[in-house]
Amino acid sequence: MLFRSVSQSRYNGNWIGYSLHYEEAPDTLFVKNTKTGKEFIFPKASSVTFSNDSQLAAVKLENGLLLRELKGGKALTINSVLQFEFYRQGPYIVLLTGKEKNTTLKILNYSTQEQFDYKGVKSFSISNDGKIAMNTGNKVTVVIPKEQCKEATMFEDVAGEFKNLQWNKTGNILAFLQPLPKDSLMPQNHRIYCYNLVNKKQYVLDPSTHAALGGQRIMVRIGTPAVLFSEEEENLLFAAAQPRKPITKEKIEVWDSATPLEYTPNRYNGNNKYEPKLHQWDFRTNQIKAIGTVDKPKVIRIKNSPYALVGNPLQYEPQYAYHAPMDIYLKNIATGKETLLLQKVAINSSLIGNSPNGNFIHYFAEGSWFVYDIERAAHINVSTSANTPNKTARHK
């Protein structure tokens, strides 16, 4: 029996890529021109990415990457591709290839077939204006394809290594982490480096010497950028937590009904002291402001706004709702002042957000959608009802 579904759909100009999944045959990827009907078929391929000029399709195979010309039909297979990205400023594709310690960064001009190779690169990041930052572990360099890929070294440390490259929006400031030596505690600690390519200034945040962190460690969270520039690009956001001993498996489990969470979750997340907390670092002045705290470690960022939403997920534990209720406060990051916004609400990330300019917060409560006007401090009901089980929110 044949089973079909569209699992990948990517539009770029006149081309579309989609997959068909079969019960008793290899899955197949199709790349098709929606105007001419021209079609390429790739058995066992999983996804496709199109170049910005619609000249090339990068098809992900089981053991590599296939580069297919969409007009001419020529194809090139590159094995052991760890990471790749199309270059927005010209006909280039950037590929990180190899295995383990034997890796190479390739910058390929798919128009002229010219190629630049850089040995030992572990990761790379492309800025919005076309700079490519490369990390070889103990050295961070920058190249620009339109300038013949000339390489310029930003940082070098023979004794240490770097990771987690992050550009700001304009591409003139680069941030990254340096892991500090491991010890018997977790999480592993890191320094943050920040380099301004315009004025050649470098900034370093060392958690072991900055009093504002109070012994907390700068950490890397799974699925979240290690460092992130704020919208005004004057600050870096990062997570920090108090160190703790590694959690080991116990032969005897002692369950306590008075703990906030059940036994296993409580060992990992039952103490806010050890939870990651969002901080803001003004690298120009070396000032740090804590957004998340022990009392309210949960932070929901409001983009393009000097405010954030904070709360304590353990506040009403133990309880039996799937999403734990908590009081949500509006926090002024600069002053630290907190204002109660919603009381005892169970809101997940899909039911709360903010407007693009950061002036309004939208949320779902009591069967309706509301908008909160931050300047006027007013809750506005923008719907009469909606089909959802959440009926427990209370407004302040």
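About the criteria used
Positions within a chain are numbered from 1, following the residues in the order the chain's sequence is written. Local features in this predicted model are restricted to residues whose pLDDT is 70 or higher, and side-chain atom pairs enter the listing and the counts only when it is 80 or higher, whereas totals over whole chains, interfaces and linings include all residues. For the side-chain quantities, the full set of heavy atoms in the structure was used; hydrogens and water were omitted. Elements are defined by DSSP. Helices are runs of H or I of four residues or more, strands are runs of E of two residues or more, and each kind is numbered from the N terminus. Residue contacts are counted whenever heavy atoms from the two residues lie within 4.5 Å of one another. Here, Shrake-Rupley sampling with a 1.4 Å probe gives the accessible areas, and only protein chains in the shown set may cover a residue. In summary, the charge assignment counts Lys and Arg as positive and Asp and Glu as negative, without counting His or the chain termini. Lysine's charge is taken at NZ, arginine's at CZ, aspartate's at CG and glutamate's at CD. Each reported salt bridge corresponds to a side-chain nitrogen of Lys or Arg within 4 Å of a carboxyl oxygen of Asp or Glu. Relative accessibility decides the category of a residue: with a 1.4 Å probe and only protein chains considered, values under 20% of the type maximum give buried, values over 50% give exposed, and everything between is partly exposed. N or O atoms within 3.5 Å of each other form a polar contact, as long as, within protein, one can give a hydrogen and the other can take it, and as long as residues adjacent in sequence are counted only when both atoms are side-chain atoms. Following DSSP output, two strands are said to pair if at least two bridges run between them. Each axis is a line fitted through C-alpha atoms, taken for helices only over the stretch in contact, and angles between the N-to-C directions span 0 to 180 degrees. Using protein atoms alone on a 1 Å grid, points that fit a 1.4 Å probe yet trap it form a cavity, whereas open point sets bounded by protein on both sides within 12 Å along at least five of seven lines form a pocket; residues with an atom within 4 Å of a point count as lining. Grid points are joined across faces, edges and corners, and a volume is the space filled by probe spheres set on the points. For this scheme, ten residues count as nonpolar: Ala, Val, Leu, Ile, Met, Phe, Trp, Tyr, Cys and Pro. Four count as charged, namely Asp, Glu, Lys and Arg, and the remainder, Gly too, count as polar. Any pair of Phe, Tyr and Trp rings, taking the six-membered ring for Trp, is counted once the centres come within 6.5 Å. Such a pair is stacked with planes under 30 degrees apart, edge-to-face with planes over 60 apart, and tilted for the rest.

## Quick notes on the overall build of the protein
Here is step 1: In terms of regular secondary structure, the protein is built from one helix and 34 strands.
Here is step 2: Taken over the C-alpha atoms alone, the protein extends approximately 65 × 60 × 55 Å along its principal axes.
Here is step 3: At a minimum sequence separation of 6, the contacts of the protein that also span at least 24 residues come to 39%.
Here is step 4: Per element, the accessible surface of the protein, about 21,600 Å² overall, is 49% carbon and sulfur.
Here is step 5: Each charge class in the protein can be summarised by its mean position, and for the 48 positive and 36 negative side chains these summaries are 1 Å apart.

## Thoughts on the pattern of salt bridges
Pairing between side chains of opposite charge can happen when the charged atoms of each approach one another.
Here is step 1: This model, assessed by the stated rule, comprises eleven salt bridges.
Here is step 2: Two residues, R376 and D373, come together in a salt bridge whose shortest N-O distance is 3.7 Å.
Here is step 3: In this structure, a network of salt bridges that share partners links the residues E234, D282 and R284.

## Points about the environment of Q216
Here is step 1: Relative to the helices and strands, Q216 is located in the loop between β20 (202-205) and β21 (217-219).
Here is step 2: For Q216, a relative accessible area of 10% translates into the label buried.
Here is step 3: The sequence separation of Q216 and P276 amounts to 60 residues, and the corresponding C-alpha distance is 9.5 Å.
Here is step 4: Within polar-contact distance, the side chain of Q216 engages the side chain of H279 at 3.3 Å.

## Here we look at the sheet that holds strand β6 (residues 56-60)
Here is step 1: Within the open sheet, the four strands sit side by side as β5-β6-β7-β8. Their pairing is antiparallel. The open sheet terminates on both sides in strands that have one partner only, identified here as β5 (47-50) and β8 (75-79). Sheet twist, expressed as the mean angle between neighbouring strand axes with direction ignored, is 20°.
Here is step 2: In this structure, β6 lies alongside strand β7 (residues 64-69), joined through five bridges in antiparallel fashion. Paired with A57 across the two strands is R68, which belongs to β7.

## Thoughts on the sheet that holds strand β32 (residues 368-373)
Here is step 1: Spatially, four strands are ordered β30-β31-β32-β33 in an open sheet, and the strand pairing comes out antiparallel. Of all strands in the sheet, those bounded by a partner on one side alone are β30 (352-354) and β33 (378-381). Direction aside, neighbouring strands of the sheet carry axes that sit 25° apart on average.

## Considering unusual backbone geometry
The bulk of non-glycine residues show a negative phi, and the bulk of peptide bonds are trans.
Here is step 1: Residue M186 is joined to P187 through a cis peptide bond whose omega torsion reads 0°.
Here is step 2: Examined against the element boundaries, P187 turns out to sit in the loop between β18 (173-179) and β19 (190-196).
Here is step 3: For the peptide bond that leads from E317 to P318, omega is 0°, which places it in the cis range.
Here is step 4: Considering the arrangement of structural elements, one finds P318 in the loop between β27 (307-311) and β28 (326-332).
Here is step 5: Phi angles above zero are rare outside glycine, and K344 is one such case at about 50°.
Here is step 6: Locating K344 in the fold gives a position in strand β29 (residues 338-345).
Here is step 7: Phi is positive for A377, close to 55°, though the residue is something other than glycine.
Here is step 8: Within the fold, A377 resides in the loop between β32 and β33.

## Details of the layout of surface pockets
Here is step 1: What the largest pocket holds in volume is close to 1,200 Å³.
Here is step 2: Contributing to the lining of the largest pocket are 45 residues, with E275, P297, K298, V299 and P313 lying nearest its centre.
Here is step 3: Within the lining of the largest pocket, the residues separate by chemical class into 28 nonpolar, ten polar and seven charged.
Here is step 4: By volume, the second largest pocket amounts to about 310 Å³.

## With respect to the packing of aromatic side chains
Here is step 1: Per the stated rule, a full pass over the model turns up 18 aromatic pairs.
Here is step 2: Plain terms: the ring middles of F162 and F176 are 5.1 Å apart, the flat faces sit at 75° to each other, and that makes the pair edge-to-face. Of this pair, F162 sits in the loop between β16 (150-156) and β17 (163-167) while F176 sits in strand β18; the two residues are 14 residues apart in sequence, bridging distant segments of the chain. Each member of the pair, F162 as well as F176, carries the same accessibility label: buried.
Here is step 3: On the basis of an interplanar angle of 10° and a centroid distance of 5.8 Å, the ring pair of F176 and Y193 is categorised as stacked.

## Points about the side chain of S383
Here is step 1: Counting through the fold element by element, S383 comes out in the loop between β33 and β34 (394-395).
Here is step 2: Residue S383 is classed as buried on the basis of its relative accessible area of 18%.
Here is step 3: Ignoring sequence-local partners within four residues, the contact set of S383 consists of S368 and W369.

## Structural notes on the pairing of strand β2 (residues 15-20)
Here is step 1: In terms of burial, β2 is largely enclosed, as six of its six residues are buried.
Here is step 2: On β2, burial covers both faces: W15, G17 and S19 on one face and I16, Y18 and L20 on the other are all buried.

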